[in-house]
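Residues per chain, in single letters:
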Number of protein chains: 2
Amino acid sequence: MVFKNKAKGARYENELYDMLINAGYRCIRVAGSGTKKESNADIVAGKKGKKYCIEVKSSKKPVKYITTEQIEEFVIFSQIFGLKPIIAVRFNREGWFFLNPKYMKNSGKNWTISLEIARKRGRRFGQAFS
Amino acid sequence: MVFKNKAKGARYENELYDMLINAGYRCIRVAGSGTKKESNADIVAGKKGKKYCIEVKSSKKPVKYITTEQIEEFVIFSQIFGLKPIIAVRFNREGWFFLNPKYMKNSGKNWTISLEIARKRGRRFGQAFS
C-alpha cells in the first residue's frame, strides 16, 4: 500500500513535470523527494522572471496532511533560492490546484489542505503558470 | 561498462552531495540527471547569499569531454534561476576541482576540461564552498 502510494505520487509528479515542460518551463525533479525525510521540494521550475519551488501532493480524500517539518524545510529552501513556493495538490476527480502555502491550516504537528480551501484559494494550471 | 560508469557517476554525485550537506548547504540532487538527454544540472546547492548549480563529472583520464548541448542547457538553467554555474570534476587520484565553465575549452561539438586546466583554474572544495 505504501509502495502503491509512492508509485502514484511519482506518477502525478511526472504528470505535472510534463505539463510544465509543455508550458515552456525549465524543470528539475528532485531525486528521492518521495523518500527522504529532509526532502525540500519535488519540482523546481522556471522561465524568464518566474521561479517556482513546487511540493506535489495527491489525495483520494478531501483533505491532505503535510508535516510541519516538511513545510518548514520547503519554505526555507524556497527562500534561500528565491523561488516562489507552491503547493500542487491533486484531488481525485477534481484535478490539480496550486496554492500559496499560506492558505494551508496549521494544527501543530501538521498542516492541512482541504478540497474546500483548494477550490476557494487554489489556482488552476493555466492561472498559476501562465 | 556503461552501467558501471553510471553507478560510479552516481557514487561521486552522492559524495559531493554529502560534502555540501556537511558544509551547511541545502541541496537537491536532480532526478535522472545521469540519464536524461535534457539534463540541466546534477546538484543545486545554496545557503544564505550563495546559490550554485553544479554539473558533476568524473574521469579516469586526464581529460573530460562534455557535449556543447549539455553545457548550453546547464548555463541557461543556471541563468534562469540566478545560480552560479560550477563544473565539479573529479579526476582519479587527484580529487575534486571546481571550475567556472568559462575555463573549459570549446572544440565545436564538445567542451573539454583537462587535468592541467583543472589544476591551474580549479578551486578546491574549501575555497569554492567556504
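Residues numbered from 1 in each chain as written. Chains lettered and ligands numbered in written order. Predicted model: local features only at pLDDT ≥ 70, side-chain atom pairs only at ≥ 80, totals over all residues. Heavy atoms only, no water.

Draft legend 1. Examining the interface of chain A and chain B more closely. Counting from both sides, the interface comprises 21 residues of chain A and, opposite them, 21 residues of chain B. Taking both sides of the interface into account, the surface hidden between chain A and chain B amounts to around 2,000 Å²; carbon and sulfur atoms contribute 62%. In terms of surface lost to chain B, no three residues of chain A exceed R26, I28 and F81 of chain A, which account for 33% of the buried area on that side. Connecting chain A to chain B are 2 salt bridges. A salt bridge links R26 of chain B to E73 of chain A; its shortest N-O distance comes to 2.6 Å. Of all the secondary structure elements, the ones that give two or more residues to the side of chain A that touches chain B are β1 (26-29), β2 (43-47) and α2 (68-81) of chain A. Considering each element in turn, the side of chain A that touches chain B owes the most residues, 5 residues, to α2 of chain A. (Contact = heavy atoms within 4.5 Å. Buried area = accessible area lost by both parts, 1.4 Å probe. Salt bridge = Lys/Arg side-chain N within 4 Å of Asp/Glu carboxyl O. Helix = DSSP H or I, 4+ residues; strand = E, 2+ residues; numbered from the N terminus.)

Draft legend 2. Local environment of the packing of aromatic side chains. Summed over all chains, the structure comprises 18 aromatic pairs over all chains. Relative to F129 of chain B, the ring of Y25 of chain B has its centre 5.8 Å away and its plane inclined at 85°; by these criteria the two rings are edge-to-face. With Y25 of chain B in the loop between α1 (2-22) and β1 (26-29) and F129 of chain B in the segment after α4 (125-128), this residue pair connects regions lying 104 residues apart in the sequence. Given a relative accessible area of 3%, Y25 of chain B falls into the buried group. Judged by relative accessible area, F129 of chain B falls into the buried class, the value being 3%. Considering the side-chain rings of F98 of chain B and F125 of chain B, the 5.9 Å spacing of their centres and the 65° angle between planes classify their relative orientation as edge-to-face. Remark: F125 of chain B occurs in helix α4 and F98 of chain B occurs in strand β6 (residues 95-99); sequence separation between them is 27 residues. In this pair, the class of F98 of chain B matches that of F125 of chain B, namely buried. Members of the aromatic cluster, each reached through a chain of ring pairs, are Y25, Y52, W96, F98, F125 and F129 of chain A. (Phe/Tyr/Trp six-rings, centres within 6.5 Å; stacked < 30°, edge-to-face > 60°. Buried < 20%, exposed > 50% of the residue type's maximum accessible area, 1.4 Å probe, protein only.)

Draft legend 3. Representation of the relation of the copies chain A and chain B. Mapping chain A onto chain B calls for a screw motion: a turn of 180° about the axis and a shift of 0.0 Å along it, with 0.0 Å RMSD after fitting. Seen this way, the second copy is the image of the first under a two-fold rotation axis. For chain A, the smallest separation between a C-alpha atom and the rotation axis is recorded for A31 of chain A, amounting to 2.0 Å. Most of the interface of chain A is mirrored in chain B, where 100% of its interface residues again form contacts. (Least-squares fit on C-alpha atoms with pLDDT ≥ 70 in both.)

Draft legend 4. Up close: the pairing of strand β5 (residues 84-91) of chain A. Residues and elements named next belong to chain A. Judged by how many residues are buried, β5 sits mostly within the fold: 6 of 8 residues are covered. Sheet topology note: the strand β3 (residues 50-59)/β5 ladder contains 8 bridges and is parallel. Paired with V56 across the strands is A88, a residue of β5. Alignment of β5 against strand β6 (residues 95-99), held across 5 bridges, turns out to be antiparallel. Among the inter-strand pairings, R90 is bridged to a residue of β6, identified as W96. Between β5 and β6, which pair antiparallel in sequence order, lie 3 residues; one of them, R93, sits at a positive phi of approximately 65°. (Pairing = 2+ DSSP bridges.)

Draft legend 5. Representation of the environment of V89 of chain B in the model. All names here are of chain B. Structurally, V89 is set in strand β5 (residues 84-91). A sequence separation of 26 residues divides V89 from L115, and the C-alpha atoms of the two residues are 9.1 Å apart. If sequence neighbours within four positions are ignored, V89 has contacts with K57, G95, W96, F97, L99, I113 and A118.

Draft legend 6. Up close: the sheet that holds β6 of chain A. The strand order β1-β2-β3-β5-β6 (chain A) describes an open sheet built from 5 strands, whose pairing is mixed. At either end of the open sheet lies a strand with only one pairing partner, and these are β1 and β6 of chain A. On average, each strand axis in the sheet is inclined to that of its neighbour by 25°, with strand direction left out of account. As paired strands, β1 of chain A and β2 of chain A are joined by 4 bridges and run antiparallel to one another. From the neighbouring strand, C27 of chain A faces β2 of chain A, where its bridge partner is A45 of chain A. Where α2 of chain A meets the sheet, its contacts fall on β2, β3 and β5 of chain A, and the angle it forms with β3 of chain A comes to roughly 165°. Against the sheet, helix α2 (residues 68-81) of chain B contacts β1, β2 and β3 of chain A, and its axis sits at roughly 95° relative to β1 of chain A. (Axes fitted to C-alpha atoms, helices over the stretch in contact; angles between N-to-C directions.)

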